[in-house]
Amino acid sequence: MAKVKRVPVGALKTNCYLLFDKGEIMVIDPGGESKTILREIEKTEGGVKYVTSTHPHFDHNLKEKKIAKETGGKILESLKEGEEIKIGESKIRVLKMSGHTKEDNCFLGNSFIISGDILFPGGHGRTDLPGGSKKEMERTLKRLKKELSDSTVVYPGHGEPFTMKEWKASFPEG
Ligand SMILES: [Zn+2]
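From a predicted model like this one, the values you see are computed outputs, not experimental measurements.

**Student:** Got a minute to help me understand the sheet that holds strand E8 (residues 104–108) in this structure?
**Tutor:** Pairing between the strands of a sheet is mediated by backbone hydrogen bonds and can be parallel or antiparallel. Reading across from one edge, E6-E7-E8-E9-E12-E13 is the order of the six strands in this open sheet, with mixed pairing throughout. Taken across any chain shown, the strands that pair with only one partner, and hence form the sheet edges, are strand E6 (84–87) and strand E13 (162–163).

In structure tokens form, the structure reads like this:
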């Protein structure tokens, strides 16, 4: 089972996540403070296999190339819906979303989801930035509510993790 380590970085306290299992690490959203991220990687057992981001905003992907270069990890781009990324013995499934940008990626593990700037307590991420859409966000939220169980732990792009059950209770109109 993949484990998750949360590393808040940069002025916007973006959550960079390390997913790791059996000596393999995937880095998601290395949006700043590459030294901090590299230090956390060093403390984590294993080597970096992949580096990727939930969406193309600088506070999520700024240090992608730097981390890939320093660790030898491969940058994953243009991910496809349903694609499975292998980390050790874990499979992480890509959910292609939109609403916050035109190309939001969520990463679904066995009991958790890395949701980028889609889900936040009390609602959802901004839809007023370039590529954002309120309508598409509504569709995205509908899908997540249908596909994720209440016990799924949501690791958002900023702030502390919460469960789907907590999210639903915080956003009843969603
Ligand atoms: Zn964003």
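**Student:** What is the right way to read the nonpolar core from this model?
**Tutor:** It is characteristic of soluble globular proteins that their nonpolar side chains tend to be buried jointly. Counting 33 residues, the largest nonpolar core has Leu-19, Ile-25, Met-26, Val-27 and Ile-113 as its most contacted members. Contributing elements (two or more residues each) for this core: strand E2 (14–21), strand E3 (24–28), helix H1 (34–43), strand E4 (47–52), strand E7 (90–97), E8, strand E9 (112–116) and strand E12 (153–156). Among the elements that take part in this core, E2 stands out by supplying five residues, more than any other. When near neighbours in sequence (up to four residues on either side) are disregarded, Val-27 contacts Cys-16, Leu-18, Ile-37, Val-48, Val-51, Ile-67 and Gly-73.

**Student:** Help me understand the environment of Lys-22, please; the structure alone is not making it clear to me.
**Tutor:** By secondary structure assignment, the location of Lys-22 is in the loop between E2 and E3. For the pair Lys-22 and Ser-90, spaced 68 residues apart in sequence, the C-alpha separation works out to 8.8 Å. Residue contacts for Lys-22: discarding those within four places in its chain leaves Gly-88 and Glu-89.

**Student:** In this structure, what is going on with unusual backbone geometry? I would like to understand it.
**Tutor:** Apart from glycine, the bulk of residues carry a negative phi angle, and the bulk of peptide bonds sit in the trans form. For Lys-13, which is not glycine, the phi dihedral falls at a positive 50°. Owing to 13 C-beta atoms within 10 Å, Lys-13 belongs among the partly exposed residues under this scheme. Backbone geometry places Asp-29, a non-glycine residue, at a positive phi of 60°. In this fold, Asp-29 is placed in the loop between E3 and H1. A tally of 32 C-beta atoms within 10 Å means that Asp-29 is categorised as buried.

**Student:** Mind showing me how you'd approach the pairing of E2 here?
**Tutor:** Two faces make up the sheet, and in a regular strand the side chains alternate between them. The buried fraction of E2 amounts to eight of the eight residues, a majority that puts the element mostly inside the structure. The two faces of E2 match: Thr-14, Cys-16, Leu-18 and Phe-20 on one face and Asn-15, Tyr-17, Leu-19 and Asp-21 on the other face are all buried. In the sheet, strand E1 (residues 3–9) pairs with E2 via seven bridges, with the strands oriented antiparallel. Its bridge partner lying in E2, Arg-6 is registered against Tyr-17. By the bridge criterion, five bridges tie E2 to E3 in an arrangement that is antiparallel. Directly across from Leu-19, in E3, lies its bridge partner Met-26. Taken together, E2 and the strand that follows it, E3, pair antiparallel across an intervening segment of two residues, in which Lys-22 is found at a positive phi of about 45°.

**Student:** Where do I start with the sheet that holds E4 in this structure?
**Tutor:** Taken together, five strands build an open sheet; the order of strands is E1-E2-E3-E4-E5 and the sheet is mixed. The open sheet has two edge strands with one neighbour each: E1 and strand E5 (74–75). Pairing analysis gives five bridges linking E3 to E4, with the strands arranged parallel. Looking at E4, one finds that Glu-24 is bridged to Gly-47. Where H1 meets the sheet, it contacts E1, E2, E3 and E4, and its direction lies at approximately 155° from that of E1. Relative to the sheet, helix H3 (residues 64–71) contacts E3, E4 and E5, its axis offset from that of E4 by approximately 160°.

The rules behind the values
Residues numbered from 1 in each chain as written. Predicted model: local features only at pLDDT ≥ 70, side-chain atom pairs only at ≥ 80, totals over all residues. Pairing = 2+ DSSP bridges. Helix = DSSP H or I, 4+ residues; strand = E, 2+ residues; numbered from the N terminus. Core = buried A, V, L, I, M, F, W, Y, C linked by C-beta atoms within 7 Å. Buried ≥ 20, exposed ≤ 12 C-beta atoms within 10 Å, placed from the backbone. Contact = placed C-beta atoms within 7 Å. Axes fitted to C-alpha atoms, helices over the stretch in contact; angles between N-to-C directions.

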